[in-house]
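Structural overview for review
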Amino acid sequence: PGYTVGRVSKNFGKQSSIGVIGTNGDAFSGVSNSLAGLDLKLASSEISGNKNLTYNLYGMKSFTDSLKGDDVSFGTEVNYPNDLLNFRVGYLQIGENYNAGLGFVPRKNIRNFYGGIGIGPRPKNSPVMQVKSGARYILFTDLKNGGVETSVIDLHLCDLIFLSGDDISLSSQFQFESLEEDFHILQDYVIPAGEYNFWRNTLSLTSAKRRDLWVATKIGLGSFYSGKRQDLLIQAGYKVFVPVYIGMESDRKWVTLPDGSFITQIYRFNLNFLFSPNLSWYNYAQYENQTEIVGLQSRFQWIIKPGKEIYLTFNSPLIDPLERFQPQAYEARLKVNYTIRF
């Protein structure tokens, strides 16, 4: 099937713009689908002399043969992304029949209220460059009856950023989930429909990524629906020599539920070649213990000049380790990005 995506935008003022977008096609089915959208950005970096402030307004409507009515999505946001004080507040609404055939919609039939505030003072005559703290919230409600589906409050208690580039972060998260249906995990475990509240606490330690060898770890503890969960994330990166970079990651979760306990484990590996700022080759592999599948991805990127780029990607999941990971499928794609400015 053929897909079409088109976008036109016009800058005005120093940092503001207005644009339209249109798509035709559905990557997930053969249903006839098209979409039209409009967006407006009003921005300035001269508020009170040198502060940034951005206002966004956007809306989209889909046209699908089998879906009529409730097919609109729109939102707005105010963002004040500055160093000492920053805040963000926004609203997003997605209709039940809104269908972005060439996009991704994580949840439909919702109203999403979100925002946050943070401060980041910079101590003088200290090895600490900046101390960040703040809070963020997300609230999803049902579009028709207004009931709360999900609410999340993130408390960034303390984030110490050192002059060396090292980082220590401590945070807590409260989450509410209302499950209308039973939630199945790994087919063997079921979280019954109902309302759940749980807290999680996280400690992160990261060494400066400017170093040839850097490491990071994140430890998470707390409740998880009707049970408990512990997380351990370990990351490392090594700049072998220019332009070769190796990255490794282990992501492990211990979950305990009334039905029993299980462990999920994901290993990730990167081998990247950064020949120049305009020429790179990224290679990525991931293995997870539940399906015992290794996913491979390779991406070659050539930036001829900004706005004119060529991508070549290759994907292949490997299955059945007893058969030496036989390829399940191959997928290669060539993408050319050409931007016309006027």
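Relevant structure appears above.
1. With respect to the pattern of salt bridges
Scanning all chains against the criterion turns up 13 salt bridges. Two residues, K14 and E46, come together in a salt bridge whose shortest N-O distance is 2.8 Å. Separated by 32 residues along the polypeptide, K14 in the loop between β1 (4–12) and β2 (16–24) and E46 in strand β3 (residues 33–47) bring together distant segments of the chain. According to the relative accessible area criterion, K14 is exposed, its value standing at 72%.

2. Let's talk about unusual backbone geometry
Each neighbour pair has its own omega, and for V242 with P243 the value is 10°, a cis peptide bond. Take P243: it is sitting in the loop between β15 (227–241) and β16 (244–257). Of note in the backbone geometry, N125 takes a positive phi value of approximately 50° without being a glycine. Structurally, the position occupied by N125 is in the loop between β7 (110–119) and β8 (128–142).

3. Description of a nonpolar patch on the surface
Taken together, F275, W281, F300, W302, I304, L312, L334 and V336 make up a surface patch of nonpolar side chains, about 800 Å² in accessible area. Where the nonpolar patch is concerned, the elements lending two or more residues are β19 (293–305) and β22 (331–338). In terms of residue count, β19 provides more of the nonpolar patch than any other element does, 3 residues in total. Mapped onto the fold, F275 is located in strand β17 (residues 260–276).

4. Structural notes on the nonpolar core
With 11 residues, the main nonpolar core is built from L179, I185, Y189, I191, Y196, F198, F224, Y225, V255, L257 and F262. Listed by contribution, the elements that provide at least two residues to this core are β12 (189–191), β13 (194–206) and β16. Among the nonpolar cores identified, the runner-up in size contains 7 residues, and I94, Y98, I110 and F140 belong to it.

5. Looking at the pairing of β16
Two strands pair when backbone bridges link them, and β15 and β16 are joined in this way by 13 bridges, in the antiparallel orientation. Among the inter-strand pairings, R229 is bridged to a residue of β16, identified as V255. Between the antiparallel neighbours β15 and β16 lie 2 residues. Pairing analysis gives 14 bridges linking β16 to β17, with the strands arranged antiparallel.

6. Re the pairing of strand β5 (residues 72–81)
Alignment of strand β4 (residues 51–64) against β5, held across 8 bridges, turns out to be antiparallel. Bridge pairing in β5 links T54 to N79. In the sheet, β5 pairs with strand β6 (residues 85–94) via 9 bridges, with the strands oriented antiparallel. Counted as the bridge partner of V78 is V89 from β6. Between β5 and the antiparallel strand that follows it, β6, lie 3 residues.

7. Some remarks on the side chain of N283
Inspection of the secondary structure puts N283 in strand β18 (residues 279–288). On the basis of relative accessibility, which here comes to 17%, the residue N283 falls in the buried class. A polar atom in the side chain of N283 sits 2.9 Å from the side chain of S298. When neighbours within four sequence positions are excluded, N283 is seen to be in contact with F269, N270, L271, N272, F273, Q297 and S298.

8. Some remarks on the packing of aromatic side chains
Describing an aromatic ring pair means giving the distance of the ring centres and the angle of the ring planes. Counted by the stated rule, this structure contains 12 aromatic pairs. Considering the side-chain rings of Y80 and F87, the 5.0 Å spacing of their centres and the 15° angle between planes classify their relative orientation as stacked. F87 gets classed as partly exposed once you look at its relative accessible area, which sits at 31%. Ring centres 4.7 Å apart and planes at 35° place the aromatic pair Y189 and F262 in the tilted group. With Y189 in strand β12 and F262 in strand β17, the pair connects residues that are 73 residues apart, well separated along the chain. Taken as a pair, Y189 and F262 share a single burial class, namely buried. The ring centre of W214 lies 4.7 Å from the NZ or CZ of K209, which sits over that ring.

Definitions and cut-offs
- The written sequence of each chain sets the order in which its residues are numbered from 1.
- Owing to the predicted nature of the model, reporting of local features is limited to residues with pLDDT of at least 70; listing and counting of side-chain atom pairs is limited to 80 or more, with chain, interface and lining totals taken over all residues.
- Note: side-chain values were computed over all heavy atoms of the structure, leaving out hydrogens and water.
- Here a salt bridge means any side-chain nitrogen of Lys or Arg lying within 4 Å of a carboxyl oxygen belonging to Asp or Glu.
- Think of it this way: any DSSP run of H or I at least four residues long counts as a helix, any run of E at least two long counts as a strand, and we number them from the N terminus.
- Only protein chains enter the accessibility calculation, which uses a 1.4 Å probe. A residue is then buried if its area is under 20% of the maximum for its type, exposed if over 50%, and partly exposed in between.
- To count toward a patch, a residue needs a relative accessible area over 30% and no salt bridge; like charges are then connected within 9 Å, while nonpolar side chains (Val, Leu, Ile, Met, Phe, Trp, Tyr) are connected within 5 Å.
- Here the accessible surface of atoms and residues is derived via Shrake-Rupley with a 1.4 Å probe, and residues count as covered only by protein chains that are part of the display.
- Each nonpolar core is a collection of buried residues, namely Ala, Val, Leu, Ile, Met, Phe, Trp, Tyr and Cys, held together in the definition by side-chain atoms within 4.5 Å.
- Strand pairing is defined by DSSP finding a minimum of two bridges between the two strands.
- Whenever two N or O atoms come within 3.5 Å, that pair is a polar contact, provided that in protein one can donate a hydrogen and the other can accept it, and provided that, for residues adjacent in sequence, both atoms are side-chain atoms.
- Contacts are residue-level and defined by heavy atoms, with any inter-residue pair within 4.5 Å sufficient.
- Two aromatic rings from Phe, Tyr or Trp, using only the six-membered ring of Trp, form a pair when their centres are within 6.5 Å; if the ring planes differ by under 30 degrees the pair is stacked, by over 60 it is edge-to-face, and anything between is tilted.
- The criterion is that NZ of a Lys, or CZ of an Arg, lies within 6 Å of the ring centre and within 35 degrees of the ring normal, and then a charge sits over that ring.

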